[in-house]
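Read off the chains here:
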Amino acid sequence: MFEILVSTALIIAISMAFLCVKLIFRKNGRFASQHIHDSKAMKDRGIHCVMDQDREARTKARCAVKEKA
């Protein structure tokens, strides 16, 4: 049981070290943004973030249907 815990902790530690290599050894090292609105390829295809799509749909719905006061 102890061997399994130690080997698991070792695997996790090695994985974390590999993830941090770019952050540690590069000047201004950081992970690239994973958001859709930051991707040029997605913008070129006209694909937006779900928040932007929801905002657009709500704006179009307000124009199509008049709300009662």
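If you're wondering where the values come from, they're calculated on a predicted model, not measured in any experiment.

Q: Help me out: how do you make sense of the overall build of the protein chain in this one?
A: When helices and strands are counted, the protein chain shows 3 helices and 0 strands. For the protein chain, the succession of helices and strands along the chain, N to C, is α-α-α. Summed over all atoms, the accessible surface of the protein chain reaches about 7,000 Å², with 64% contributed by carbon and sulfur.

Q: What am I meant to see in the pattern of salt bridges here?
A: Between side chains of opposite charge, pairing is possible as soon as their charged atoms come close. The tally for this structure, following the rule as stated, stands at 3 salt bridges. The shortest N-O distance in the salt bridge between K40 and D44 comes to 3.1 Å. Residue K40 and its partner D44 are both found in helix α2 (residues 40-45); the two are separated by 4 residues, about one turn of the helix. K40 sits in the exposed class, given a relative accessible area of 60%. The partner of D54 in a salt bridge is R58, with the nearest N and O atoms 3.0 Å apart. Of this pair, D54 and R58 both sit in helix α3 (residues 50-64), 4 residues apart, roughly one helical turn.

Q: Any chance you could explain the confidence of the model for the protein chain here in plain terms?
A: Reading predicted coordinates in detail is not appropriate for stretches of low pLDDT. Counting all residues, the mean pLDDT for the protein chain is 80, and 86% of those residues have values of 70 or more. Per-element mean pLDDT across the protein chain ranges from 76 in α3 up to 90 in helix α1 (residues 2-25).

Q: What is the right way to read α1 from this model?
A: Since there are 3.6 residues in each turn of an α-helix, residues three or four apart along the chain are aligned in direction. The end-to-end C-alpha separation of α1 is 34 Å, in line with the 34 Å expected for 24 residues at 1.5 Å each. Taking the largest bend as the criterion, α1 deviates by roughly 40 degrees, centred on L19.

Q: Looking at this structure, I do not really get the environment of H37. What am I missing?
A: Position of H37 among the secondary structure elements: in the loop between α1 and α2. Sequence separation between H37 and C49 is 12 residues, and the spatial gap between their C-alpha atoms is 5.9 Å.

Q: Explain the environment of T8 to me, please; I cannot follow it from the model alone.
A: Mapped onto the secondary structure, T8 falls in helix α1. A relative accessible area of 38% places T8 in the partly exposed class. Polar contacts involving the side chain of T8 include one to the main-chain carbonyl oxygen of I4, which spans 2.7 Å.

Q: Can you walk me through a nonpolar patch on the surface in this structure?
A: Together, L10, I12, I14, M16, F18, L19, V21, L23, I24, F25 and F31 line one region of the surface with nonpolar side chains, adding up to about 1,200 Å² of accessible area. One can find V21 in helix α1.

The rules behind each value
Residues numbered from 1 in each chain as written. Predicted model: local features only at pLDDT ≥ 70, side-chain atom pairs only at ≥ 80, totals over all residues. Heavy atoms only, no water. Helix = DSSP H or I, 4+ residues; strand = E, 2+ residues; numbered from the N terminus. Areas by Shrake-Rupley, 256 points an atom, 1.4 Å probe, with all protein chains shown as cover. Salt bridge = Lys/Arg side-chain N within 4 Å of Asp/Glu carboxyl O. Buried < 20%, exposed > 50% of the residue type's maximum accessible area, 1.4 Å probe, protein only. pLDDT = per-residue confidence, 0-100. Expected span 1.5 Å × (residues − 1). Bend = angle between axes of the 7 residues up to and from the residue. Polar contact = N/O pair within 3.5 Å; in protein donor to acceptor, adjacent residues only side chain to side chain. Patch = residues over 30% accessible without salt bridge, like charges linked within 9 Å, V, L, I, M, F, W, Y side chains within 5 Å.

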